[in-house]
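Chain residues, written in single-letter form:
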Amino acid sequence: MSLHSWGRLPGAPAAAELALAERTAPLPAADGSLLPYGNGRSYGDVCLNGGGMLLRMRGLDRFIAFDADPGADFGVLRCEAGVLLADILDTFVPRGWFLPVTPGTRFVTVGGAIANDVHGKNHHGAGTFGCHVLRFELLRSDGSRRVCSPTENAGWFAATVGGLGLTGAITWAEIRLRRIDGPLLAVENTRFAGLDEFFALNAAAEARHEYTVAWIDCLAATPRGIFMAGDHLAADAAQDAARSAPKKPLSFPFTPPVSLVNGLSLRAFNRLYFHKPLPARATQDYAPYFYPLDGILHWNRMYGRRGFYQYQCVVPPAARGAIDEMMRAIAASGQGSFLAVLKTFGERTSPGLLSFPMPGITLALDFPNRGAGTLALFARLDAIVTAAGGRLYAAKDARMPGALFRRGYPAFAEFTTYLDPGFASDFWRRIKE
Amino acid sequence: MQKVLIIGATSAIAEATARLCAARGDALFLVGRKAQRLEEIAADLRVRGAAQVDCAVLDATDRAAHAATLATAESALGGLDVALIAHGTLPDQKACEASVELTLREIDANALSVIALATLLGARFEAQGRGALAVIGSVAGDRGRQSNYVYGAAKGMVALFLQGLRNRLAKKGVQVLTVKPGFVDTPMTAAFKKGALWAQPDDIARGILAALAAKKDVVYLPGFWRLIMLIIRLIPERIFKKLSL
Ligand SMILES: Cc1cc2nc3c(=O)[nH]c(=O)nc-3n(C[C@H](O)[C@H](O)[C@H](O)COP(=O)(O)OP(=O)(O)OC[C@H]3O[C@@H](n4cnc5c(N)ncnc54)[C@H](O)[C@@H]3O)c2cc1C
Ligand SMILES: NC(=O)c1ccc[n+]([C@@H]2O[C@H](COP(=O)([O-])OP(=O)(O)OC[C@H]3O[C@@H](n4cnc5c(N)ncnc54)[C@H](OP(=O)(O)O)[C@@H]3O)[C@@H](O)[C@H]2O)c1
């Protein structure tokens, strides 16, 4: 079984595999370039290295230590880089601790979360995952090991957070966990029509709620959607809300020969989703709230053998018009998906040289791979993003032109001075020049 | 909280089992060959919630050291509820055919060392009138096949020994569990191509704890191997000997 990324686009050249099974062991001798591979939850090619070698990191899956002062709001977890966020949650939620930042799937490794400097629904308050990374060890192909933190080897820290695995392998990391009173969240759902309504709701919600995100239907004539705000529930409120037993996840059992996601099923799905009876307020377990798709393992297979793309951009706060323009371009193209997500990023500075989040508005959409038509739509969206002074998220990308990346990330040149000469990726070869 | 001793604790299946024990708050004593690896596993298990974790270094074929190691474990744990013997090696069958020396070493690693430990642990549990001894055998012990009969013979010997021990200790309130995994994706089988029949160490670990809780005697893991091995055992020898299994 060869390693692939989440988008399952066909034609990615194969890479040989190696594994790092002990954090104190040297990097295995590589025949060609190396690239750490976490859990392959990146959509495009940041975790692929065709013609080179992938270094599987999942074997480094041990906790090392956990320290918290009694009554403290934060604890410090030290663990190996291949530990899954899911493993942290399984172990720590029952004890009243939660991740400070989590992406929309819990099946990512700590190393992968750092290397893409991932964000979650609380970005407006908490910043990126990297904001909560205290230290880590970086192992390079010259055999050197550096402990990096915002104050120690700070340059290496900034290059490696969001560094796409290109500065070396992270062997272990120390991250903050935050206190919670229990596994439940209080959730508020509000339907909206039009972007103005979204921005009004969002401005009010960000001041009051820890988590905010909106699902939008980009196939409707005017964009409409559901705004979802959430907060960890305090102990007293949680008392009578009993937790339902966790179900064994369903799995998408096979890869259908053609995509099940076509215009017809999408429109129908979006209409149903928008109109489904929706409690204005609800209490929900953290898993379905944060990870709605983790309930169906391998849901990416429903896009068929041709795979799919995700397009995620961020534009500055003032560029609301750009979002509107993109939505119209997508609606006009008739492409698009039920996974369209709109959120605003806050002011907190991202710690990585190549971190994606910057203050502004982020839009993420999945598109089944329909070849040239899909790529043409992306070119239109790229133009809108560029004009607005925005950029795209490498973790979701499989096709952006190199110039777009280099222009979007002003620290690109500085980053290149930290590259490990023994490391490379398909993504890097594609965008570096 | 159970007091659990694991021999061969650096094995992937053993570690997966230890994690489940840790998560439910057990006290653990880990025995294996590699001191540093044991310490790393112990630290992990403490974070996962183990009430207590200690380690001792032992090469299981060093029979002279068995009694002392078991005594250390028992006093560190303050008693003993469950012992899991997990260590094993996968012999190079072809190399064994060319070397009596190697064959006997593999039989020692997979059978004699296990029988020695099971003898001491069996006596311990018998004396206290309770406890559970779980030993990881293999489906390979159910029938001799040309591709790995040194390993199979060792695992088969262990299964027969445990059957007798069980027969003796059943009257004393002691559980003796023979675990027979099929193909498991672990370092032992790193060189094999993995297909649909392959299980993960965590699947086997869950099966072991479930079988212990259910007071089972023999468990195939995953369960479908019971049927596969039944069919394999039923093939008449005159036909079986001509197959290339
Ligand atoms: C359903 C779904 C929802 C998602 N939601 C979000 C979201 O809300 N926000 C968000 O930000 N992202 C999101 N993502 C993307 C995902 O969080 C990132 O792609 C994440 O980095 C994947 O981690 P991974 O462990 O699978 O790493 P991989 O995808 O395997 O690798 C990612 C990168 O990390 C590098 N890497 C991995 N391990 C190491 C290591 N030990 N040392 C150095 N480099 C390493 C790799 O080389 C690669 O460049 C989502 C993905 C999915 C599938
Ligand atoms: N994997 C399978 O498909 C499979 C199938 C059926 C049965 N089994 C059985 O399952 C058990 C666990 O194996 P595994 O699959 O988890 O493989 P593994 O990870 O390779 O574990 C084997 C372990 O045995 C230890 N060991 C070997 N000789 C030893 C000795 N003389 N003294 C102490 N420890 C020794 C090794 O210790 P070191 O770390 O020091 O090397 C290693 O930790 C074994 O009994 C194996 O036969 C495995």
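Residues numbered from 1 in each chain as written. Chains lettered and ligands numbered in written order. Predicted model: local features only at pLDDT ≥ 70, side-chain atom pairs only at ≥ 80, totals over all residues. Heavy atoms only, no water.

Draft legend 1. Geometry of the overall build of chain B. Tallying secondary structure elements over chain B gives nine helices and seven strands in all. On C-alpha atoms alone, chain B measures out to a radius of gyration of 18 Å, which is about the 18 Å that the 2.2 N^0.38 rule sets for 245 residues. With the principal axes as the frame, chain B shows a C-alpha extent of 55 × 40 × 35 Å. Residues counted as buried form 52% of the 245 residues belonging to chain B. Long-range pairs, those at least 24 residues apart, make up 73% of the contacts in chain B with a sequence separation of at least 6. As displayed, chain B offers around 11,100 Å² of accessible surface, 59% of which is attributable to carbon and sulfur atoms. If you average the places of the 31 positive and of the 22 negative side-chain charges in chain B, the two averages end up 7 Å apart. (Helix = DSSP H or I, 4+ residues; strand = E, 2+ residues; numbered from the N terminus. Rg over C-alpha atoms; globule rule 2.2 N^0.38 Å. Buried < 20%, exposed > 50% of the residue type's maximum accessible area, 1.4 Å probe, protein only. Contact = heavy atoms within 4.5 Å. Areas by Shrake-Rupley, 256 points an atom, 1.4 Å probe, with all protein chains shown as cover. Lys, Arg positive; Asp, Glu negative; His and termini not counted. Charge placed at Lys NZ, Arg CZ, Asp CG, Glu CD.)

Draft legend 2. Looking closely at the site of ligand 1. Residue and element names in this part refer to chain A. Not every one of the 34 residues close to ligand 1 is listed here, only the nearest: P36, R41, S42, T109 and Y393. At a separation of 2.8 Å, an oxygen atom of ligand 1 approaches a polar backbone atom of G40. Relative to its unbound accessible area of 970 Å², ligand 1 is 95% covered by the protein chains. (Near = heavy atom within 4 Å. Polar contact = N/O pair within 3.5 Å; in protein donor to acceptor, adjacent residues only side chain to side chain.)

Draft legend 3. Main features of the packing of aromatic side chains. Residues and elements named next belong to chain A. Following the criterion strictly, the structure yields 30 aromatic pairs over all chains and no others. Measuring from ring centre to ring centre gives 5.6 Å for Y43 and F308, while their planes differ by 80°; the resulting arrangement is edge-to-face. Taken together, the positions of Y43 in the loop between β2 (34–37) and β3 (53–56) and F308 in strand β16 (residues 308–315) put the pair 265 residues apart, joining distant regions of the chain. Relative to F378, the ring of F367 has its centre 5.2 Å away and its plane inclined at 80°; by these criteria the two rings are edge-to-face. One end of the pair, F367, is in strand β18 (residues 360–368); the other, F378, is in helix α10 (residues 372–388), and 11 residues separate them in sequence. Note on F367: relative accessible area 0%, which makes it buried. Among the residues examined, F378 registers a relative accessible area of 0% and is labelled buried. Pairwise contacts between aromatic rings join F98, Y211, Y286, Y289, F290 and Y291 into one cluster. Positioned above the aromatic ring of Y289 is the side chain of K121, whose terminal nitrogen or guanidinium carbon lies 4.1 Å from the ring centre. Above the ring of W97, the side-chain terminus of R179 is found at 4.1 Å from the ring centroid. (Phe/Tyr/Trp six-rings, centres within 6.5 Å; stacked < 30°, edge-to-face > 60°. Lys NZ or Arg CZ within 6 Å of the ring centre and 35° of its normal.)

Draft legend 4. Quick peek at the pattern of salt bridges. Under the counting rule described, the total for this entry stands at 36 salt bridges over all chains. With its nearest N and O atoms 3.0 Å apart, the salt bridge here joins E17(A) to R56(A). Here E17(A), found in strand β1 (residues 16–19), pairs with R56(A), found in strand β3; they are 39 residues apart in sequence, far enough to count as distant. We note a salt bridge from R63(B) to D108(B), for which the minimum N-O separation is 3.4 Å. Residue R63(B) is found in the loop between β3 (52–57) and α3 (66–77), and its partner D108(B) is found in helix α5 (residues 100–128); the two are separated by 45 residues along the sequence. (Salt bridge = Lys/Arg side-chain N within 4 Å of Asp/Glu carboxyl O.)

Draft legend 5. Up close: the interface of chain B and chain A. Between chain B and chain A, the residue contacts involve 11 residues of the former and 15 residues of the latter. Per-residue buried area on chain B facing chain A is highest for E40(B), V47(B) and R48(B); these three make up 53% of the total on that side. Across the chain B-chain A interface, the total number found is five salt bridges. There are 10 residue pairs in polar contact (both at pLDDT 80 or more) connecting chain B and chain A. Elements represented by at least two residues in the side of chain B that touches chain A include exactly α1 (12–23) and α2 (35–47) of chain B. The element best represented in the side of chain B that touches chain A is α2(B), accounting for seven residues. Classifying every residue of the side of chain B that touches chain A by side-chain character gives three nonpolar, two polar and six charged. (Buried area = accessible area lost by both parts, 1.4 Å probe. Nonpolar A, V, L, I, M, F, W, Y, C, P; charged D, E, K, R; others polar.)

Draft legend 6. Structural context of the nonpolar core. Counting 107 residues, the largest nonpolar core has I88(A), F98(A) and F136(A) as its most contacted members. Grouped together as the second largest cluster of nonpolar side chains are 36 residues, I13(B), L30(B), I204(B) and L221(B) included. (Core = buried A, V, L, I, M, F, W, Y, C linked by side-chain atoms within 4.5 Å.)

Draft legend 7. The site of ligand 2, seen in detail. All names here are of chain B. The full set close to ligand 2 counts 27 residues, and T10, R33, A60, Y151 and T186 are the nearest of them. Within the side chain of D59, a nitrogen or oxygen atom sits 2.8 Å from a nitrogen atom of ligand 2. For ligand 2, whose unbound accessible area comes to 890 Å², protein coverage reaches 92%. For the shell around ligand 2, the residue count by class is 12 nonpolar, 11 polar and four charged.

Draft legend 8. Broad picture of the pairing of strand β8 (residues 145–148) of chain A. Residue and element names in this part refer to chain A. The sheet contact formed by strand β7 (residues 133–139) and β8 spans four bridges and is antiparallel. When the sheet's bridge partners are listed, L138 is paired in β8 with R146. Where β7 folds back on β8, the antiparallel hairpin that results is connected by five residues, among which G143 adopts a positive phi of roughly 90°. (Pairing = 2+ DSSP bridges.)

Draft legend 9. Examining the sheet that holds strand β11 (residues 211–217) of chain A more closely. All names here are of chain A. On the basis of which strands lie adjacent, the open sheet formed by eight strands has the order β14-β10-β12-β11-β17-β18-β16-β19 and antiparallel pairing. In the strand order of this sheet, the two ends are held by β14 (281–285) and β19 (391–392), each with one partner. Pairing geometry for β16 and β18, over eight bridges, is antiparallel. Residue pairing in the sheet places V315 in a bridge with I361 of β18. Across the sheet, helix α5 (residues 195–208) is in contact with β10 (184–193), β11, β12 (224–232), β17 (341–345) and β18; its angle to β10 comes to roughly 155°. (Axes fitted to C-alpha atoms, helices over the stretch in contact; angles between N-to-C directions.)

Draft legend 10. The arrangement of unusual backbone geometry in detail. In the segment running from L221(B) into P222(B), the intervening peptide bond is cis, with an omega of -15°. For P222(B), the location among the structural elements is in the loop between β7 (218–221) and α8 (225–234). At R8(A), a position not held by glycine, the phi torsion is positive, near 50°. If you check the backbone angles, D117(A) has positive phi at about 40° while not being a glycine. Positionally, D117(A) belongs in the loop between α2 (110–115) and α3 (123–126).

Draft legend 11. Up close: the sheet that holds β1(A). All names here are of chain A. Strand order across the open sheet formed by three strands is β1-β3-β2, with parallel pairing between neighbours. For this open sheet the edge positions go to β1 and β2, each flanked by a neighbour on one side alone. Neighbour to neighbour, the strand axes of the sheet diverge by 35° on average, direction disregarded.

Draft legend 12. Just empty space enclosed by the protein, in detail. Residue and element names in this part refer to chain A. Scanning the model with the defined rule gives two cavities of 30 Å³ or more in all. By volume, the largest cavity is sized at about 60 Å³. The wall of the largest cavity is formed by A115, N116, G162, L164, L354, S355, F356, Y393, A394, F405 and Y409. Here the residues of the lining of the largest cavity are counted per class, giving eight nonpolar, three polar and no charged. Roughly 30 Å³ of internal volume is contained in the second largest cavity. (1 Å grid on protein atoms, 1.4 Å probe; cavity = no way out; pocket = protein on both sides within 12 Å on 5 of 7 lines; lining within 4 Å. Points joined across faces, edges and corners; volume = space filled by probe spheres on them.)

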